Amino acid sequence: MKRALCALALGAATAACSQGQARPADSPPAPQSVPRPADPVPATYRPVPAQPPHIRGGTVMTAAGQIIPNGQVLMVDGKIAAVGETVQAPANAVVVDATGKWVTPGVIDTHSHLGVYASPGVQAHSDGNEATGPNTAEVWAEHSLWPQDPGFVRALEGGVTSMQILPGSANLFGGRSVTIKNVPSRTVQGMKFPGAPYGLKMACGENPKRVYGNRGGPSTRMGNVAGYRSAWIRAADYRRRYDDWDRNGRKPGDMPARDLELETLAGVLRGEILVHNHCYRADEMAQMIDIAREFGYRIRSFHHGVEAYKVRDLMARDSIAGSLWADWGGFKMEALDFTRANLAMLHQAGGIAIVHSDDPTGIQKLNQEAAKAVEAGREMGIMVSENDALRWFTANPAWALGIQDKVGTLEPGKQADVVIWSHNPFSVYARADRVYIDGALLFDRFDPSRQPKTDFEVGLFPAEAVR
Amino acid sequence: MNRIFLAAAALCFTAAPASSQAIAIVGGDVYTADGTPIRGGTVVIENGRITAVGANVAIPAGARRIDATGKWVTPGLIESSTTLGITEVSSIDESNDQEIEDVTSRRDTDDQVQAAFTVTEGLNPRSMVVPIVRILGVTTAVTRPSGSLISGQGAMIDLAGNRVEDMTVVSPIGMYASLGENARGTVGGPRAALSMRLREVLEDARAYARNRQSFERGETRDFSVSRLDMEALQPVLAGREPLVVEAHRASDIQLALRIAREYNLRLIITGGTEAWMVAQELAQARVPVLVKVLNNLPGSFESLGATYENAARLRRAGVQVAITSGETWRAYTIRQEAGNAVAYGLPWAEAFRAVTLYPAQIWGVADRYGSLEVGKVGNVVVWSGDPLELLTQVEHVIIRGVEMPLVSRETQLRDRYMNLDENARSYPRP
């Protein structure tokens, strides 16, 4: 984890990295060669200690190729310890009877605005678009995120254990995303997914030109592209200056002036920050692929990609994931060419298909969204296996967020984010009965003491009103 | 004006396609929505109507047989709150006909009340959206206006036909008003201003009806709304046309109940996020609620009590409930809404009726719609399994006795891109 955080700190000295953590607040700052903390918002999340849960008797779907009827899952110290028909459990294990139920990895959403567009959706909670200029790569979603958004708890009830919180799509560069564990916390730091890389939100098409058309531009798609390219030229220059400084021994007096916007963009050019690109139309996705090639960065995932099916070969070729909806479309010109078969067609072409939400209700039912997309594929003869469709909302989003070695499948060594479902998760009747995060039972549908509530939901009604 | 539309509706109704070939759906499990399912039953549709339903019925000579062995046969689903036919692309103003937004040419006092506005004449039977929805099992929809305190009047349509007259079931089907936060802007804010203005309009319409001749002579006091609006409100005041009120907060629903009682109106609540909190009152007043099931976030201060169990709790209290998606392009997600109602406590048969028989009853068309019964309109869907399950496929859609091709813009684009070769796509072989 520490290494990943250091890597994120652009041009930071190793010494700064170790000193950036766990320094008593009252001691004077230690002298630093670089006046910059390794990680300005360090994650403080620690798994809740729990006795080892030993799930027995359910249909275990690993999302790693196995579907084990009457299988078992053992979690020890917050990690998946064993998965199989039978596992060796320690004496202190807590047996969880999942007979007749289904067991899957926790649900992961690559596209949420929970906390930055929190419920209730009043203007005072509108913290997702810094719509004051078309390039706000300098803003970080975690600086907006309100941990008391009731939507987090609703998502947990839907089996969601991790998600990426993105800035909105008003801007060409919307700012940094943050990936979180869906755990109750007073602070954003207490939700941050330790070691998860940052993302950069970019947006194509109608939104930026609509928002800035009368405010100095861009007002056209070509204006959008000029905006991306100009920024990448500056970012490449910024990166070069820091590389030179690095090569010349990092003399404190020579350190180039910091720039928050370019720090983020240079992080992308270094491959440390993953690009999440809101883009609907096929032709624009092809343009964005060329821009990425021109400046030497990679797009990790297109988001929304209503026309992904038209460029599914290009996306598969470059390993660009498609974070897609099952059936949203028609609401604007760039969404007009939607087809319900989008996910299945990208999947069939060898692409990395992800069902995403961009919605505080949709995030609660990503399993249902996947089911609809599976059905749409069947209508045209594409038969997606349960394992593959499960990966659409577990392993594949984990890959898109750069946390695929930590979560996304039920495999030994991974973090124990696990859902027990009442029915097959592709059934509309399925509900998450139990949700574990890092081996701790954070939601139990049948145990009121395991049903978290946000501060906002406390005392909303007089006690006698809701009897 | 209303009378003309009613006449048109009546006309189109007798004009079901007489030339359509008889269809016999055989061997399926027939879920009629008004009784117990018939295993291996038959449904016969002739001249646009259902002429036989049962386990052992004669199949008319010359009927086209649809083998539904192992399949489910149900009435077409009824979506109670859409803008189908009056919206193409919601962000493109020119393709939207559900709301009067430009009030500059109207008198100041008119901007909150559009009672005379009826969506029907703006309906586009050739909307690209209609096939997208109907190929997934929705055969009938209420298409509704929006905006203002009184938005205007909706229409119930079948999702087939080339003329408005050919698709209209009832027009107008109801008068739409809002006591929700979305209407605040039209009265400058407070809730009590919404109800004050609504009462004023109802009073004016009543006084106008008593003094029509004086009005024509210019001998009445000034009324706060136009003559057309007051005319349009007469069937509502007479209880012939329901007042469909959007209300979410429990107290707003109670306010709607109070006004309906005072003026003896037929009330339908749409939205009703906190309706479960006043379920007893709704049941006593016999006021039905149109519920969007997937609504559990305190998204605004009028919906702090949102819960997925709304439909189940209302039903348990004896309130009649129709389930709606509230969507247009995605109106077919009504089956997902109903499925989730089951997951959150509504018995399956009740959820199924909440998208078939109950909306037909709520909208007053249960003599012709909502179940598979002899004499009813031939709107029938054959499914590969439980229609509320998302992996279930639609196999046949029959509207007014005519089988619809399972093709829409969305499936055609899909098929066009099955092959990525540019030539094959742009110059397909005929």
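Here we summarise the structure given alongside this text.

## Overview of the overall build of chain B
Next, step 1: Helix and strand content of chain B: 16 helices and 16 strands.
Next, step 2: Its C-alpha atoms give chain B a radius of gyration of 22 Å, within 12% of the compact-globule value 22 Å for 430 residues.
Next, step 3: Burial status across chain B gives 55% buried among its 430 residues.

## Structural notes on unusual backbone geometry
Next, step 1: Each neighbour pair has its own omega, and for serine 119 of chain A with proline 120 of chain A the value is -5°, a cis peptide bond.
Next, step 2: Among the secondary structure elements, proline 120 of chain A is positioned in the loop between strand 6 (107-112) and helix 3 (150-157).
Next, step 3: Between glycine 217 of chain A and the following residue, proline 218 of chain A, the backbone shows a cis peptide bond with an omega angle of 10°.
Next, step 4: Its place among the elements puts proline 218 of chain A in the loop between helix 4 (206-212) and helix 5 (221-247).
Next, step 5: Unlike most non-glycine residues, asparagine 264 of chain B shows phi in positive territory, near 55°.
Next, step 6: Position of asparagine 264 of chain B relative to the elements: it lies in the loop between helix 9 (250-263) and strand 11 (267-271).
Next, step 7: A residue is classified by how many C-beta atoms lie within 10 Å of it, and asparagine 264 of chain B, with 9 of them, is exposed.

## Some words on the interface of chain A and chain B
Next, step 1: In this assembly, 40 residues from chain A lie in contact with 32 residues from chain B.
Next, step 2: Going through the elements one at a time, helix 3 and helix 10 (366-379) of chain A are the ones with two or more residues in the side of chain A that touches chain B.
Next, step 3: Per-element tally for the side of chain A that touches chain B: the top contributor is helix 10 of chain A, with seven residues.
Next, step 4: For the side of chain A that touches chain B, the residue count by class is 19 nonpolar, nine polar and twelve charged.

## Side note on the nonpolar core
Next, step 1: Grouped together as the largest cluster of nonpolar side chains are 255 residues, with contacts concentrated most on Ile323 and Ala341 of chain B.
Next, step 2: Residues in contact with alanine 341 of chain B, not counting those within four places in the same chain, are Val293, Ala311, Ala312, Ile323, Leu346, Ala351 and Ala354 of chain B.

## Concerning the environment of serine 384 of chain B
Residue and element names in this part refer to chain B.
Next, step 1: Its place among the elements puts serine 384 in the loop between strand 14 (380-383) and strand 15 (394-399).
Next, step 2: Accessibility expressed as a C-beta count within 10 Å gives 17 for serine 384, which makes it partly exposed.
Next, step 3: Between the alpha carbons of serine 384 and alanine 177 there is a distance of 39 Å; along the sequence they are 207 residues apart.
Next, step 4: Here serine 384 is in contact with Lys71, Thr392, Gln393 and Glu395, once residues within four sequence places are set aside.

## What about the sheet that holds strand 7 (residues 160-165) of chain A?
Residue and element names in this part refer to chain A.
Next, step 1: Taken in spatial order, the three strands make up an open sheet running 6-7-9, and their pairing is mixed. With one partner strand each, in any of the chains shown, strand 6 and strand 9 (178-181) form the two edges of the open sheet. Each strand axis lies, on average, 20° off the axis of its neighbour in the sheet, ignoring direction.
Next, step 2: Judged from the four bridges that link them, strand 6 and strand 7 form a sheet pairing that is parallel. Looking across to strand 7, one finds that aspartate 109 is bridged to methionine 163.

## What to know about the sheet that holds strand 14 (residues 353-355) of chain A
Residues and elements named next belong to chain A.
Next, step 1: Here six strands make up an open sheet; going across it, the order is 8-10-11-12-13-14 and the pairing mixed. The sheet is open, and its two borders are formed by strand 8 (173-176) and strand 14, each paired with just one other strand. The sheet shows a mean angle of 20° between the axes of neighbouring strands, taken without regard to direction.
Next, step 2: Sheet analysis places strand 8 next to strand 10 (residues 199-203), joined by three bridges and oriented antiparallel. Opposite arginine 176, over in strand 10, you have leucine 200 as the bridge partner.

What counts and what doesn't
Residues numbered from 1 in each chain as written. Chains lettered and ligands numbered in written order. Predicted model: local features only at pLDDT ≥ 70, side-chain atom pairs only at ≥ 80, totals over all residues. Helix = DSSP H or I, 4+ residues; strand = E, 2+ residues; numbered from the N terminus. Rg over C-alpha atoms; globule rule 2.2 N^0.38 Å. Buried ≥ 20, exposed ≤ 12 C-beta atoms within 10 Å, placed from the backbone. Contact = placed C-beta atoms within 7 Å. Nonpolar A, V, L, I, M, F, W, Y, C, P; charged D, E, K, R; others polar. Core = buried A, V, L, I, M, F, W, Y, C linked by C-beta atoms within 7 Å. Pairing = 2+ DSSP bridges. Axes fitted to C-alpha atoms, helices over the stretch in contact; angles between N-to-C directions.

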